[in-house]
Amino acid sequence: MSSEVLMNAGEGGVVHVTLRHTGRLNAMSRPMWRQLRAVFEDVQRRADARCVLIAGEGGAFCAGGDISEYPSFRFDAAALRDFHENDVWGGLNAMIQCDVPIVAQISGACMGAGVEIASCCDIRVAGSGARFGAPIAKLGFPMAPREAQLVAGAVGDVTARQMLLEAATFSAPDMLARGFLSRVVADDMVATEALGSAQRIAALAPQAARMNKQTFRALKAPVALQNHALSAIENIVNGTADPYAYAASAEHREGISAFLDKRAPVF
């Protein structure tokens, strides 16, 4: 099965980024996370880039991570840390640090990694049939600390707790009401509406847009709290209690094994 993150320069400064994992609803593989980082680092360097439109191929945005890869690295704490801190966070942070506005075109499944990627976008346009969640509790593991901080900041604390503790999933109208989505349109109109949003952004002053994004990033970490906020997440990630120490735990193995065996997990 082919998996890749594609980038194509469109008209008027709109850069099209496509998540593609054939047969797996665009689930993110390790190579895709690395490609995502390379793509957005490239976009950041492009003077002619005015807006990014990111979408999944076919009828889904992104169904999560590629769980078929997980047994090869998830049960070792060092390998698990490398995956989340370098592969996954490398891709997400490249999006966060990109000064070019990003529009998400969301159809179908937007789960786990899909919610994380969408959380890095500035405008989120979804089809009415899209579904959102991060039901990884069914797989026996928590969301990595930096990723949880990102998602909670985008979807809100209440919604993040429901996603992670109840394995709750939500409809597009639900997520619009909760403030995560910019617009919800009919499924057959989502591509047109998302492209229209990207084109409207691209037609405006590009340097002003980049400066606005820099300001928005700064506002996420007010000067008076910045050092404290940074130390808090660093203490979680790099403190004495390793957040990836669960790698070899029985429930972690059971959750992933059950998914791959297509059976209900027993925790």
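Preceding block: the structure.
Residues numbered from 1 in each chain as written. Predicted model: local features only at pLDDT ≥ 70, side-chain atom pairs only at ≥ 80, totals over all residues. Heavy atoms only, no water.

Novice: Please clarify how the environment of Glu11 should be interpreted in this entry.
Specialist: Within the secondary structure layout, Glu11 lies in the loop between strand 1 (3–9) and strand 2 (14–21). Placed 191 residues apart in sequence, Glu11 and Ala202 show a C-alpha to C-alpha distance of 9.5 Å. (Helix = DSSP H or I, 4+ residues; strand = E, 2+ residues; numbered from the N terminus.)

Novice: What is the right way to look at the side chain of Arg74 in this model?
Specialist: Residue placement: Arg74 occurs in the loop between strand 3 (51–56) and helix 2 (77–96). In this structure Arg74 is buried but unpaired, with Glu147 as the nearest side chain of opposite charge at 7.4 Å. Within the local environment of Arg74, its side chain forms a polar contact with the side chain of His252, the two groups lying 2.9 Å apart. The contacts of Arg74, once residues within four sequence positions are left out, are Leu80, Phe83, His84, Phe141, Tyr246, Ala247, His252 and Ile256. (Buried < 20%, exposed > 50% of the residue type's maximum accessible area, 1.4 Å probe, protein only. Lys, Arg positive; Asp, Glu negative; His and termini not counted. Salt bridge = Lys/Arg side-chain N within 4 Å of Asp/Glu carboxyl O. Polar contact = N/O pair within 3.5 Å; in protein donor to acceptor, adjacent residues only side chain to side chain. Contact = heavy atoms within 4.5 Å.)

Novice: Explain the sheet that holds strand 1 here, please?
Specialist: Within a sheet, each strand pairs with its neighbour through backbone hydrogen bonds, oriented either parallel or antiparallel. Strand order in this open sheet of six strands is 1-2-3-4-6-9, and the pairing throughout is mixed. Unpaired on one side and paired on the other, strand 1 and strand 9 (183–185) mark the two borders of the sheet. Each adjacent strand pair in this sheet contributes to an overall mean axis angle of 20 degrees, direction not counted. Bridging between strand 3 and strand 4 (residues 102–106) involves four bridges; their strand directions are parallel. From the neighbouring strand, Leu53 faces strand 4, where its bridge partner is Val103. Packing of helix 1 (residues 30–45) onto the sheet brings it into contact with strand 1, strand 2, strand 3 and strand 4, and relative to strand 1 it is tilted by some 15 degrees. (Pairing = 2+ DSSP bridges. Axes fitted to C-alpha atoms, helices over the stretch in contact; angles between N-to-C directions.)

Novice: How should I be thinking about helix 7 (residues 190–202) in this particular structure?
Specialist: In an α-helix, one full turn covers 3.6 residues, which means residues spaced three or four apart are oriented alike. In this model, helix 7 (13 residues) spans 18 Å end to end at C-alpha, consistent with the 18 Å of a helix rising 1.5 Å per residue. By the burial criterion, the buried members of helix 7 are Val190, Ala194, Gly196, Ser197, Ala198 and Ala202. Considering only its buried residues, helix 7 is in contact with strand 2, strand 3, strand 4, strand 6 (123–127) and strand 9. (Expected span 1.5 Å × (residues − 1).)

Novice: So what exactly am I meant to see when it comes to unusual backbone geometry here?
Specialist: Negative phi characterises most residues that are not glycine, and trans characterises most peptide bonds. Of note, the phi angle at Asn26 is positive, near 65 degrees, even though the residue is not glycine. Inspection of the secondary structure puts Asn26 in the loop between strand 2 and helix 1. We note that Ala167 has phi near 55 degrees; this positive angle belongs to a residue other than glycine. Along the chain, the position of Ala167 falls in the loop between helix 5 (157–165) and strand 8 (169–171). Since its relative accessible area comes to 13%, Ala167 is described here as buried.

Novice: Can you help me understand the packing of helix 1 against helix 2 in this one?
Specialist: Each pair of packed helices can be summarised by the angle the axes make with each other and by the distance between the axes. Axis separation between helix 1 and helix 2 bottoms out at 7 Å; the angle between their running directions is 30 degrees. At the point where helix 1 passes helix 2, the crossing takes the left-handed sense. Along its contact with helix 1, which presents Arg30, Trp33, Arg34, Leu36, Arg37, Phe40 and Glu41, the element helix 2 presents Ala79, Asp82, Phe83, Asn86, Asp87, Val88, Gly90, Gly91, Leu92, Ala94 and Met95. Residues belonging to the contact of helix 1 with helix 2 are distributed by class as follows: nine nonpolar, three polar and six charged. (Left-handed = near helix turned anticlockwise from the far one by under 90°. Nonpolar A, V, L, I, M, F, W, Y, C, P; charged D, E, K, R; others polar.)

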